[in-house]
Amino acid sequence: MEKVYAGIIGLGRAGQMHLKNLLTISDIEIVQVADVFIENVSEKLNALGITNQTKDYHELLSNPKINTVFIFTSTDTHEEIVTAAAKAGKNIFCEKPLSMNTDEQASIKVLQEVKKAGVSLQIGFNRRMDPQFRAVHENIQNGKIGTPQMVKITSRDPDVLPHELIKRIGGLLFDFTMHDFDIARYMMHSNISEVYAKGGTLIDPTLKDINDIDTLALVLQFENGTYGLIDNSRRAVYGYDQRVEVFGSEGMLKAENVSGSTVELYNSKRTELSNPLPVFQERYRPAYIAEMKAFVKSLLLNKPVVAEGLDVIMAQRAASAAQKSLETGLPQKVDASYPLI
Ligand SMILES: NC(=O)c1ccc[n+]([C@@H]2O[C@H](COP(=O)([O-])OP(=O)(O)OC[C@H]3O[C@@H](n4cnc5c(N)ncnc54)[C@H](O)[C@@H]3O)[C@@H](O)[C@H]2O)c1
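Residues numbered from 1 in each chain as written. Predicted model: local features only at pLDDT ≥ 70, side-chain atom pairs only at ≥ 80, totals over all residues. Heavy atoms only, no water.

Looking at an unreviewed UniProt entry, one finds the protein chain named Inositol 2-dehydrogenase and attributed to Ligilactobacillus ubinensis. The UniProt entry for the protein chain carries the following text under Sequence similarities (unreviewed entry): "Belongs to the Gfo/Idh/MocA family." (UniProt positions renumbered as here; feature names shortened; annotations may be inferred.)

Right, here's the structure in full:
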């Protein structure tokens, strides 16, 4: 392939952000965009020079010029749209996860269609491409902390999402913690074999009405015998709190929050530093751009993608086990072997 001729499906929170980032990348030409509520974004798209717009993603999939589709629709549509895109012979970038289903069979079916079609699929696990987290990962790979023994992830959103959105993209575990399961696996180079979860609604008790929580503490065990801790909240009043620490036999690696300013104030009473960047679009902007560049490179040079379908299945599996742990109050074993596709 010499160039990526792109179709973009879904222009909500994630889609509009990705679209702006995609426009900055050479080797991508945006051919057509689709959203069921295209009228809501039509003016913004025209201002960006994107005039080939449709409400019907099938129209986009039947466009012969398009060789790659980027799927940013709500999670409840991923199974259907990824399957249709694979059948149409398009390469696919899809936001995580692949399905809303706690049963991974639904995602496996999608991956079977992708395999059958022989197209490429990258999953939107953007944090793997975050410069800070990537540096931690590379230092681990280079043996800088000896053998990793424990990963500690703090991942807190600035605020609770609207319930209507949660119903379409999944609750804390399946939407938000999904990234943390992936980063935990990525750092420890091992699959999760056991999960123990404690969580509840300390912020928004009405989340119970939609079977969701806003506060979560997780203990993980990995297949290689190492451990992990994940701490999630839906409301950190000081911003989007994203930190990772990996402890090993020869040292420790830490990625601290990224703030908008490196200026710190020290006086006789206090020390002040800037809050973390407030929202995912800003905090992970370099990561979102890097994941797209990596995808384009993998397509043009026929190289492996940075996060594949199996990665999302393993994260989804951990999320399902955590859900069961919350329901039973007991630790849950997780099958650490990859499924056959
Ligand atoms: N990687 C990340 O950091 C990150 C961040 C935010 C969201 N996400 C993921 O992105 C996805 C979208 O989330 P969001 O918050 O942007 O949701 P959203 O509701 O804001 O946007 C979804 C968009 O898809 C459109 N849509 C729905 N069904 C469609 C269909 N059949 N055809 C065409 N368009 C359709 C909707 O009209 C809407 O504009 C979710 O899977 C979510 O998990 C990932």
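Novice: If you had to explain the overall build of the protein chain to someone new, which residues and values would you point to?
Specialist: When helices and strands are counted, the protein chain shows eleven helices and 15 strands. In terms of overall size, the protein chain behaves like a compact globule, its C-alpha atoms giving a radius of gyration of 20 Å where 341 residues would be expected to give roughly 20 Å. On the principal axes, the C-alpha backbone points of the protein chain span a range of 60 × 50 × 45 Å. Sorting the 341 residues of the protein chain into buried and exposed places 54% on the buried side. When contacts within the protein chain are restricted to residue pairs at least 6 apart in sequence, long-range pairs at least 24 apart make up 72% of them. Just so you have it, the protein chain exposes about 15600 Å², and 51% of that area is on carbon and sulfur atoms. On the protein chain, the mean spot of the 37 positive side-chain charges and the mean spot of the 42 negative ones are 2 Å from each other. (Helix = DSSP H or I, 4+ residues; strand = E, 2+ residues; numbered from the N terminus. Rg over C-alpha atoms; globule rule 2.2 N^0.38 Å. Buried < 20%, exposed > 50% of the residue type's maximum accessible area, 1.4 Å probe, protein only. Contact = heavy atoms within 4.5 Å. Areas by Shrake-Rupley, 256 points an atom, 1.4 Å probe, with all protein chains shown as cover. Lys, Arg positive; Asp, Glu negative; His and termini not counted. Charge placed at Lys NZ, Arg CZ, Asp CG, Glu CD.)

Novice: Account for the sheet that holds strand β7 (residues 148-156), with residues named and values stated.
Specialist: Read across the open sheet, the seven strands follow the order β12-β11-β7-β10-β9-β8-β15; overall the sheet is mixed. Only two strands of the sheet have a single neighbouring strand rather than two, namely β12 (251-255) and β15 (332-333). Taken together, the eight bridges between β7 and strand β11 (residues 241-248) define a ladder with antiparallel strand orientation. In the sheet register, Ser155 faces β11, and the bridge partner there is Gln242. Its contacts with the sheet put helix α6 (residues 131-141) on β7, β11 and β12, and the angle it makes with β12 is roughly 165°. Relative to strand β8 (residues 192-200), helix α11 (residues 309-328) is tilted by about 50°, and along the sheet it contacts β8, β9 (215-222) and β15. (Pairing = 2+ DSSP bridges. Axes fitted to C-alpha atoms, helices over the stretch in contact; angles between N-to-C directions.)

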